[in-house]
Amino acid sequence: KRYFSMSTEEKRKCAVEKGGFLRGYIGMGDESGSDALEVKEAYSFGYPWDKQRIPENSMQGPNVWPTLEGWQQEMESFFADMIRISEALTRAFSLSYGKPEDYLGRYCQSGDTISVMRMFHYFPYSAADDRFPDQRDRIGSSAHTDWGFLTLILQQDHVTGLQLWYDDEWHDIVPEPGTLLVNGGDYFSLLTDGEYRSPLHRVVSQGGERLSAVLFYYPSFDARIPLMARQDYSLFKNQVHSGGEVEKNAVS
């Protein structure tokens, strides 16, 4: 709330630079997973990378912080906590899958250095009327599966917007106060031969604003993941022309 309540000018002082490295502010209309307008803004940060350290791959690098007193320290602590939870989950899921406790963790060595925390601020669709009057096809977040390993979602209490595709229809995922929602990503599902599924999901506007904090926990940058015969995940698809809606042959 502190960050998103700042002026657009202040938020854009730490805007994401072009080139695919996701650190900083993304305004309304600056990204979309389909041809629909995603009526949201976001701020992304990750591992506290030392600016003097040379990145080892294209997904590593320093964060870009706004001028909010104490906020960087709070967010770095939050990121570290979410990483620890993710690491604990890899151990638990390994055991549940009948594997050694460190099995899944082997695929996530240094995954914390490329993982991304994204803070989302969703608007009612009418908020785009002035800037995008001709773009009538709107959504909060287009239908997709997460391509990474695990996704940890902290939803705003009492504000529903996240939906899951199951049994050929969309279901609201109502927030439960004091809980994190955990999604398995495409890599995780592939690694477990589909025992755990990467769920198709989206965010829709219920007429008001919505905040969420989402950690995308990734495998190692050079992890080798075995592929299943069925590859209906976002990892393998171009979703630009889906209009934010589910395709008939989407993941079930």
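To be clear, the structure that these remarks concern was listed above.
Bear in mind the structure is a predicted one, so any value in this text is a computation, not a measurement. (Residues numbered from 1 in each chain as written. Predicted model: local features only at pLDDT ≥ 70, side-chain atom pairs only at ≥ 80, totals over all residues. Heavy atoms only, no water.)

Requested: an account of the overall build of the protein chain, with residues and values cited.
Of regular secondary structure, the protein chain possesses three helices and 12 strands. Taken across its 252 residues, the protein chain has 49% of its residues classed as buried. Per element, the accessible surface of the protein chain, about 13100 Å² overall, is 49% carbon and sulfur. (Helix = DSSP H or I, 4+ residues; strand = E, 2+ residues; numbered from the N terminus. Buried < 20%, exposed > 50% of the residue type's maximum accessible area, 1.4 Å probe, protein only. Areas by Shrake-Rupley, 256 points an atom, 1.4 Å probe, with all protein chains shown as cover.)

Now, about the pairing of strand β12 (residues 210-217): what can you tell me, with residues and values included?
Most of β12 is tucked away: eight of the eight residues are buried. Here seven bridges tie strand β4 (residues 116-122) to β12, and the two strands are oriented antiparallel to one another. Paired with Val 116 across the bridge in β12 is Phe 216. (Pairing = 2+ DSSP bridges.)

Just give me the short version of the packing of aromatic side chains, but keep the residues and values in it.
Enumeration according to the criterion identifies 20 aromatic pairs in this entry. Here Trp 65 and Trp 71 contribute two aromatic rings whose centre-to-centre distance is 6.2 Å and whose plane-to-plane angle is 80 degrees, an arrangement assigned as edge-to-face. The structure contains a cluster of three or more aromatic residues connected by ring pairs, namely Tyr 3, Phe 4, Tyr 25, Tyr 43, Phe 45, Trp 65, Trp 71 and Phe 79. Lys 99 extends its terminal NZ or CZ atom over the ring of Tyr 103, reaching a point 5.2 Å from the ring centre. (Phe/Tyr/Trp six-rings, centres within 6.5 Å; stacked < 30°, edge-to-face > 60°. Lys NZ or Arg CZ within 6 Å of the ring centre and 35° of its normal.)

So what's going on with the nonpolar core? Residues and values would help.
If you look at the biggest cluster of nonpolar residues, it comprises 33 residues, and the most contacted ones within it are Tyr 3, Tyr 43 and Met 117. Mapped onto this core, the elements with two or more residues apiece are β3 (40-46), α2 (71-96), β4, β7 (150-155), α3 (186-191) and β12. With eight residues, α2 is the single largest residue contributor to this core. Setting aside chain neighbours within four positions, we find Met 117 in contact with Tyr 43, Ser 44, Phe 45, Phe 78, Phe 79, Met 82, Ala 213, Val 214 and Leu 215. Within the second largest apolar cluster, 12 residues are counted, among which are Phe 120, Val 214, Phe 216 and Tyr 218. (Core = buried A, V, L, I, M, F, W, Y, C linked by side-chain atoms within 4.5 Å. Contact = heavy atoms within 4.5 Å.)

Could you give an account of the sheet that holds β3, naming the residues involved and the relevant values?
Strand order in the open sheet formed by six strands is β1-β3-β4-β12-β7-β10, with antiparallel pairing between adjacent strands. The open sheet is flanked by β1 (24-26) and β10 (181-184), the only strands paired with a single partner. Averaged over neighbouring strand pairs, the angle between their axes works out to 20 degrees when direction is ignored. (Axes fitted to C-alpha atoms, helices over the stretch in contact; angles between N-to-C directions.)

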